[in-house]
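Architecture at a glance
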Amino acid sequence: QVQLVESGGGLVQAGGSLRLSCAASGSIFSINAMGWYRQAPGKQRELVAKITTGGSTNYADSVKGRFTISGPKNTVFLQMDSLKPEDTAVYYCNVDHTARSGYRRTYWGQGTQVTVSS
(Lines give C-alpha, C1' and ligand atoms only; values in the text may rest on other atoms or scores of the structure.)
Protein backbone atom coordinates (compact mmCIF):
# COMPACT_ATOMS: atom_id res chain seq x y z
CA GLN A 1 0.00 0.00 0.00
CA VAL A 2 1.20 3.46 -0.95
CA GLN A 3 -0.06 6.62 0.71
CA LEU A 4 0.12 10.11 -0.77
CA VAL A 5 0.09 13.29 1.29
CA GLU A 6 -0.50 16.58 -0.50
CA SER A 7 0.13 20.12 0.63
CA GLY A 8 0.48 23.64 -0.74
CA GLY A 9 -3.01 24.50 -1.90
CA GLY A 10 -4.77 27.68 -0.97
CA LEU A 11 -6.23 30.96 -2.14
CA VAL A 12 -4.23 33.22 -4.41
CA GLN A 13 -4.94 36.20 -6.64
CA ALA A 14 -4.62 35.97 -10.40
CA GLY A 15 -1.01 36.25 -11.45
CA GLY A 16 0.24 34.76 -8.21
CA SER A 17 2.07 31.53 -7.52
CA LEU A 18 1.64 28.37 -5.50
CA ARG A 19 3.83 25.33 -4.99
CA LEU A 20 2.16 21.97 -4.45
CA SER A 21 3.97 19.00 -2.99
CA CYS A 22 3.08 15.33 -2.77
CA ALA A 23 4.99 12.82 -0.67
CA ALA A 24 4.65 9.08 -1.22
CA SER A 25 5.17 6.61 1.59
CA GLY A 26 4.41 3.02 2.50
CA SER A 27 5.38 -0.16 0.68
CA ILE A 28 7.18 1.50 -2.19
CA PHE A 29 8.99 -0.77 -4.61
CA SER A 30 9.09 0.95 -7.97
CA ILE A 31 7.50 4.24 -8.94
CA ASN A 32 7.03 4.57 -12.67
CA ALA A 33 5.62 8.08 -12.68
CA MET A 34 3.98 10.69 -10.50
CA GLY A 35 1.72 13.49 -11.54
CA TRP A 36 -0.99 15.97 -10.81
CA TYR A 37 -4.60 15.99 -11.96
CA ARG A 38 -7.30 18.52 -11.27
CA GLN A 39 -11.07 18.60 -11.22
CA ALA A 40 -13.17 21.73 -11.33
CA PRO A 41 -16.87 21.77 -10.39
CA GLY A 42 -18.96 20.24 -13.16
CA LYS A 43 -15.93 19.10 -15.11
CA GLN A 44 -14.05 15.86 -15.60
CA ARG A 45 -10.77 15.20 -13.89
CA GLU A 46 -7.92 16.11 -16.22
CA LEU A 47 -4.18 15.61 -16.33
CA VAL A 48 -2.20 18.71 -15.42
CA ALA A 49 1.35 17.38 -15.46
CA LYS A 50 3.26 14.17 -14.94
CA ILE A 51 6.87 13.10 -14.66
CA THR A 52 8.47 9.68 -15.05
CA THR A 53 11.36 8.36 -13.00
CA GLY A 54 13.49 8.95 -16.08
CA GLY A 55 12.66 12.64 -15.99
CA SER A 56 10.31 12.84 -18.96
CA THR A 57 7.49 15.33 -18.45
CA ASN A 58 4.09 15.95 -19.95
CA TYR A 59 1.86 18.99 -19.48
CA ALA A 60 -1.64 19.95 -20.39
CA ASP A 61 -1.65 22.60 -23.10
CA SER A 62 -3.44 25.01 -20.79
CA VAL A 63 -0.57 25.08 -18.28
CA LYS A 64 2.48 24.87 -20.52
CA GLY A 65 4.91 27.67 -19.78
CA ARG A 66 3.27 28.41 -16.44
CA PHE A 67 3.53 25.19 -14.42
CA THR A 68 6.63 23.13 -13.74
CA ILE A 69 6.69 19.61 -12.34
CA SER A 70 9.78 18.16 -10.70
CA GLY A 71 10.76 14.85 -9.16
CA PRO A 72 9.91 12.13 -8.53
CA LYS A 73 12.08 11.00 -5.65
CA ASN A 74 9.09 9.71 -3.73
CA THR A 75 8.07 13.36 -3.69
CA VAL A 76 6.73 15.40 -6.58
CA PHE A 77 6.34 19.16 -6.78
CA LEU A 78 4.20 21.36 -8.95
CA GLN A 79 5.30 24.97 -9.22
CA MET A 80 2.37 27.03 -10.46
CA ASP A 81 3.10 30.53 -11.71
CA SER A 82 0.94 33.14 -13.43
CA LEU A 83 -2.17 31.52 -12.03
CA LYS A 84 -5.50 32.21 -13.69
CA PRO A 85 -9.05 31.92 -12.35
CA GLU A 86 -9.59 28.96 -14.66
CA ASP A 87 -6.90 27.09 -12.72
CA THR A 88 -9.31 26.90 -9.78
CA ALA A 89 -9.89 23.24 -8.98
CA VAL A 90 -9.14 20.45 -6.57
CA TYR A 91 -5.69 19.13 -7.41
CA TYR A 92 -4.96 15.44 -6.91
CA CYS A 93 -1.59 13.78 -6.72
CA ASN A 94 -1.23 10.47 -8.53
CA VAL A 95 1.46 7.79 -8.48
CA ASP A 96 1.94 4.95 -10.95
CA HIS A 97 3.47 2.18 -8.85
CA THR A 98 4.64 -1.37 -9.41
CA ALA A 99 4.81 -3.59 -6.34
CA ARG A 100 7.46 -6.22 -5.70
CA SER A 101 4.96 -8.82 -6.91
CA GLY A 102 4.78 -7.09 -10.26
CA TYR A 103 1.31 -5.72 -9.62
CA ARG A 104 0.91 -2.27 -11.15
CA ARG A 105 -1.69 0.23 -10.03
CA THR A 106 -2.23 3.89 -9.36
CA TYR A 107 -2.80 5.66 -6.06
CA TRP A 108 -4.50 8.97 -5.43
CA GLY A 109 -4.06 11.66 -2.84
CA GLN A 110 -7.03 13.21 -1.06
CA GLY A 111 -6.82 16.41 -3.07
CA THR A 112 -5.94 19.98 -2.23
CA GLN A 113 -8.05 22.99 -3.14
CA VAL A 114 -6.54 25.71 -5.30
CA THR A 115 -8.62 28.85 -5.69
CA VAL A 116 -7.52 31.72 -7.92
CA SER A 117 -9.44 34.96 -7.56
CA SER A 118 -9.63 37.74 -10.12
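Residues numbered from 1 in each chain as written. Predicted model: local features only at pLDDT ≥ 70, side-chain atom pairs only at ≥ 80, totals over all residues. Heavy atoms only, no water.

1. Notes on the overall build of the protein
Check the secondary structure of the protein and you find 0 helices and 11 strands. Relative to its length of 118 residues, the protein is compact, with a C-alpha radius of gyration of 14 Å against a globular reference of 13 Å. Principal-axis analysis of the C-alpha atoms places the extent of the protein at approximately 50 × 25 × 20 Å. Residues classed as buried in the protein amount to 39% of the 118 residues present. Considering only residue pairs separated by 6 or more positions, the protein has 55% of its internal contacts joining residues 24 or more positions apart. When the accessible area of the protein is evaluated, it comes to approximately 6,300 Å², of which 46% is carbon and sulfur surface. Of note, the protein has its 12 positive side-chain charges centred 7 Å away from the centre of its 7 negative side-chain charges. (Helix = DSSP H or I, 4+ residues; strand = E, 2+ residues; numbered from the N terminus. Rg over C-alpha atoms; globule rule 2.2 N^0.38 Å. Buried < 20%, exposed > 50% of the residue type's maximum accessible area, 1.4 Å probe, protein only. Contact = heavy atoms within 4.5 Å. Areas by Shrake-Rupley, 256 points an atom, 1.4 Å probe, with all protein chains shown as cover. Lys, Arg positive; Asp, Glu negative; His and termini not counted. Charge placed at Lys NZ, Arg CZ, Asp CG, Glu CD.)

2. A short note on the side chain of Asp87
With respect to the element layout, Asp87 can be found in the loop between β8 (75-80) and β9 (89-98). Judged by relative accessible area, Asp87 falls into the buried class, the value being 1%. A distance of 2.8 Å separates polar atoms of two side chains, one belonging to Asp87 and the other to Arg66. (Polar contact = N/O pair within 3.5 Å; in protein donor to acceptor, adjacent residues only side chain to side chain.)

3. Examining the state of the cysteines
The full count for this structure, using the stated rule, is 1 disulfide. Note that Cys22 is cross-linked by a disulfide to Cys93, the S-S spacing being 2.0 Å. Judged by the torsion about the S-S bond (-85°), the Cys22/Cys93 disulfide is left-handed. Linking Cys22 in strand β3 (residues 18-26) with Cys93 in strand β9, this pair joins segments that are 71 residues apart in sequence. Of the two residues examined, Cys22 and Cys93, each falls in the buried class. (Disulfide = S-S within 2.5 Å.)

4. Points about the nonpolar core
Within the largest apolar cluster, 30 residues are counted, with the highest numbers of intra-cluster contacts made by Leu4, Met34, Trp36, Leu78, Met80 and Tyr91. Counting only elements with at least two residues in this core, the list comes to β1 (2-7), β3, β4 (30-39), β5 (46-52), β7 (67-70), β8, β9 and β11 (112-117). (Core = buried A, V, L, I, M, F, W, Y, C linked by side-chain atoms within 4.5 Å.)

5. A closer look at the pattern of salt bridges
Applying the stated rule across the entire model yields 5 salt bridges. Between Arg38 and Glu46 there is a salt bridge; the shortest N-O distance is 2.9 Å. Accessibility expressed as a relative area gives 6% for Arg38, which makes it buried. Judged by its relative accessible area of 35%, Glu46 falls in the partly exposed class. Three or more residues are tied together by salt bridges with common partners; here these are Arg38, Glu46, Arg66 and Asp87. (Salt bridge = Lys/Arg side-chain N within 4 Å of Asp/Glu carboxyl O.)

6. A look at the packing of aromatic side chains
Summed over the entire model, instances satisfying the criterion amount to 1 aromatic pair. On the basis of an interplanar angle of 65° and a centroid distance of 5.0 Å, the ring pair of Tyr37 and Trp108 is categorised as edge-to-face. Highlighted residues: Tyr37 in strand β4 and Trp108 in strand β10 (residues 104-108), separated in sequence by 71 residues. With relative accessibility at 36%, the residue Trp108 sits in the partly exposed group. Lying over the aromatic face of Phe77, Arg19 brings its terminal NZ or CZ to 4.3 Å of the ring centre. Directly above the aromatic system of Tyr107 lies the positively charged group of Arg105, at a separation of 4.1 Å from the ring centroid. (Phe/Tyr/Trp six-rings, centres within 6.5 Å; stacked < 30°, edge-to-face > 60°. Lys NZ or Arg CZ within 6 Å of the ring centre and 35° of its normal.)

That is the geometry; function is a separate question.
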